[in-house]
Amino acid sequence: MNQSNGQNGPLVAVVMGSKSDYAVMKDCSDLLEQFGVRHEVRIISAHRTPDRALAFASGAEAQGLKLIIAAAGKAAHLAGVLAAVTTVPVLGVPMATSDLGGLDSLLSMVQMPAGIPVGTTAIGKAGAKNAALLAVAILAISDPQLRDQLKDFRKKMQAEVEAADAEVREGCLS
Ligand code: RP5
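Computed from a predicted model, the values in this text were never measured in an experiment.

**Student:** Help me understand the site of the ligand, please; the structure alone is not making it clear to me.
**Tutor:** Near the ligand, the surroundings consist of G17, S18, S20, D21, H47, R48, A72, G73 and A76. Between an oxygen atom of the ligand and a side-chain N or O atom of D21, the distance comes to 2.6 Å. Interatomic distance of 2.9 Å between a side-chain N/O atom of H47 and an oxygen atom of the ligand. Notes on the ligand: free accessible area 360 Å², of which the protein chains cover 74%. In this structure, the ligand is accommodated by the largest pocket. Counted by class, the shell around the ligand contains two nonpolar, five polar and two charged residues.

**Student:** Explanation requested: unusual backbone geometry in the structure shown.
**Tutor:** Comment: phi is negative for the bulk of residues other than glycine, and the bulk of peptide bonds are trans. Positive phi is not limited to glycine here, since K74 has a value of about 60 degrees. For K74, the position within the fold is in the loop between β3 (67-72) and α4 (78-84). The partly exposed category is assigned to K74, whose relative accessible area is 46%. With phi around 70 degrees, H77 is a residue other than glycine that occupies positive phi space. Positionally, H77 belongs in the loop between β3 and α4. Exposure remark for H77: the relative accessible area of 29% places this residue in the partly exposed category.

**Student:** Sorry, what's going on with the nonpolar core here?
**Tutor:** Most often, soluble globular proteins keep nonpolar side chains buried together rather than apart. Formed by 27 residues in total, the largest nonpolar core has its most connected members in V12, M25, L32, F35 and I69. Of all the elements in the fold, those that place two or more residues in this core are β1 (12-16), α1 (22-34), β3, β4 (90-94), α6 (125-139) and α7 (144-169). Residue contributions to this core peak at seven residues, all from α6. The two domains that each donate at least three residues to this core are domain 1 (6-142) and domain 2 (144-174). Residues within four places of L32 in sequence aside, it is in contact with V12, V14, V37, H39, I69, A132, A135 and V136. If you look at the next biggest cluster of nonpolar residues, it comprises 21 residues, including I44, I68, V90 and M109.

**Student:** Teacher, can you tell me more about the pairing of β4 here?
**Tutor:** Every other side chain in a regular strand lies on the same face of the sheet, so the side chains alternate between the two faces. By the criterion of burial, β4 is predominantly enclosed, with five of the five residues buried. Side chains V90, G92 and P94 project from β4 onto one buried face, and the interleaved L91 and V93 project onto a second face that is buried too. In this structure, β3 lies alongside β4, joined through five bridges in parallel fashion. Pairing of A70 across the sheet is with G92, part of β4. Read as a crossover between parallel neighbours, the route from β3 over α4 to β4 is right-handed. In this structure, β4 lies alongside strand β5 (residues 119-120), joined through two bridges in parallel fashion. Bridging from a neighbouring strand, G92 pairs with T120 of β5. Once you follow β4 into helix α5 (residues 103-110) and on to β5, the crossover reads as right-handed.

Rules and cut-offs
Residues numbered from 1 in each chain as written. Predicted model: local features only at pLDDT ≥ 70, side-chain atom pairs only at ≥ 80, totals over all residues. Heavy atoms only, no water. Near = heavy atom within 4 Å. Polar contact = N/O pair within 3.5 Å; in protein donor to acceptor, adjacent residues only side chain to side chain. Areas by Shrake-Rupley, 256 points an atom, 1.4 Å probe, with all protein chains shown as cover. 1 Å grid on protein atoms, 1.4 Å probe; cavity = no way out; pocket = protein on both sides within 12 Å on 5 of 7 lines; lining within 4 Å. Sits in = over half its atoms within 2 Å of the grid points. Nonpolar A, V, L, I, M, F, W, Y, C, P; charged D, E, K, R; others polar. Helix = DSSP H or I, 4+ residues; strand = E, 2+ residues; numbered from the N terminus. Buried < 20%, exposed > 50% of the residue type's maximum accessible area, 1.4 Å probe, protein only. Core = buried A, V, L, I, M, F, W, Y, C linked by side-chain atoms within 4.5 Å. Domains from an automatic or database assignment. Contact = heavy atoms within 4.5 Å. Pairing = 2+ DSSP bridges. Right-handed = clockwise from strand over helix to strand, strands pointing away.

Pasting the structure below:
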């Protein structure tokens, strides 16, 4: 795969605010793995480990990262904090929350004031998976092999829906 930036380090960082986010964000990491995208997974909190958060994001470009995926719940604001100190694009994944269903997380990411964007995905597992797929699509801009993999992934999804349609029409959907 032509992902190389001349190094063997990760191209994508999947950062989450707490180990409680891991069960959801594992889907993101698994998809990146499936596409062969070099990535690292980190637990860094904007409010519990603010110095580490700023140091990580400040060094992201020098580290060779092309994208950061940041997941957090409630108003923790991890994605915005990371985006504030790097020009490496940040995709935010809002975590579902017990009190407000993740609307708090969503708004803290999607409603960034003008100037520092956070590309925000859906709440929870769908967002975790879509963040990985968006990362693949962005990296695929300069990686034809990765683009082909993404096209194959979509063809497979299409085939699965068509197979389910055939089953339901034949009355044998289990
Ligand atoms: C955020 O607060 C994390 O991203 C997590 O989603 C939420 C709750 O964290 P825990 O109290 O479960 O560690 O920082």
